[in-house]
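Residue strings, one per chain:
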Amino acid sequence: MQKSVMSQLQTGRLYAKKWPMRKELAPLFNEFKVIKATELAITVMPILAMLTLFFQLNYLGPDFLPQAIASALFFLSLPLQGLFWLGKRAQTELEPNMQKWYNDLYTKMVANGYQAQLSENKPRYMELASLLKDMFDKMDKAFTKEQF
C-alpha cells in the first residue's frame, strides 16, 4: 500500500522519536546515524539555505537567482530525505533473522515480567523500535546488558 509523501514524513518523525538512541544499538542499526544526521540537518540546513541564498544574490547579483534558489532548495531537502528514509524504514517488515531475534527478545522480556501484546505476525521496524524502547525503559539494567 502506497503512502502519501506527507504521511511518510510524519511516520519518519514518529519513528525517530520512538527509536531508542542507545550506544548499544549504534553498531547494529543504521537508524542511530540517520536520526542523528537528520536532527542536525533539521537544525542547520535552513540556516545554510538562507545564507547561500543571501551570499549568492549579494555577491553574484540577481542574474544568479535560479542557481541560488536551486542551492537553497537542495539544502532544505536534505532533512526531508532523512525523514523519508526513516518513514520508509519504519514500515519495512523485519528480515527473517531479525524477526527471530525480535520474537526471542519478546519471549525473554515476558519471562522477566514484561506485560504487552506481541504486535503482529510480521513485525515491522516500528514495532521493533517500540519493543527496544520498552526494553531500555522498563527492564532492569542487568537484562539489557545480557542482551547486548
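Residues numbered from 1 in each chain as written. Predicted model: local features only at pLDDT ≥ 70, side-chain atom pairs only at ≥ 80, totals over all residues. Heavy atoms only, no water.

Draft legend 1. Representation of a nonpolar patch on the surface. There is a patch of nonpolar side chains on the surface, built from Ile47, Leu51, Phe54, Phe55, Tyr59, Leu60 and Phe64 and spanning about 730 Å² of accessible area. Judged by relative accessible area, which is 34%, phenylalanine 64 ranks as partly exposed. (Patch = residues over 30% accessible without salt bridge, like charges linked within 9 Å, V, L, I, M, F, W, Y side chains within 5 Å. Areas by Shrake-Rupley, 256 points an atom, 1.4 Å probe, with all protein chains shown as cover. Salt bridge = Lys/Arg side-chain N within 4 Å of Asp/Glu carboxyl O. Buried < 20%, exposed > 50% of the residue type's maximum accessible area, 1.4 Å probe, protein only.)

Draft legend 2. Main features of the pattern of salt bridges. For the structure on display, the rule yields five salt bridges. Note that lysine 138 and aspartate 134 form a salt bridge whose closest N and O atoms lie 3.8 Å from each other. With a gap of four residues between them, lysine 138 and aspartate 134 both fall in helix H5 (residues 125-138), about one helical turn apart. (Helix = DSSP H or I, 4+ residues; strand = E, 2+ residues; numbered from the N terminus.)

Draft legend 3. Structural view of the packing of aromatic side chains. Evaluation of the coordinates by the stated rule reveals seven aromatic pairs. Each ring, one from tryptophan 19 and one from phenylalanine 29, has its centre 5.1 Å from the other, and the planes form 75°; the classification is edge-to-face. Here tryptophan 19 is found in the loop between helix H1 (5-18) and helix H2 (31-60), whereas its partner phenylalanine 29 is found in the loop between H1 and H2, with 10 residues between them in sequence. The class for tryptophan 19 is buried, based on a relative accessible area of 3%. Residue class for phenylalanine 29 comes out buried when judged on its relative accessible area of 4%. The structure contains a cluster of three or more aromatic residues connected by ring pairs, namely Tyr15, Trp19, Phe29 and Trp101. Residue placement shows arginine 89 over the ring face of tyrosine 125; its charged tip is 4.0 Å from the ring centre. (Phe/Tyr/Trp six-rings, centres within 6.5 Å; stacked < 30°, edge-to-face > 60°. Lys NZ or Arg CZ within 6 Å of the ring centre and 35° of its normal.)

Just geometry here; none of it tells us what the structure is for.
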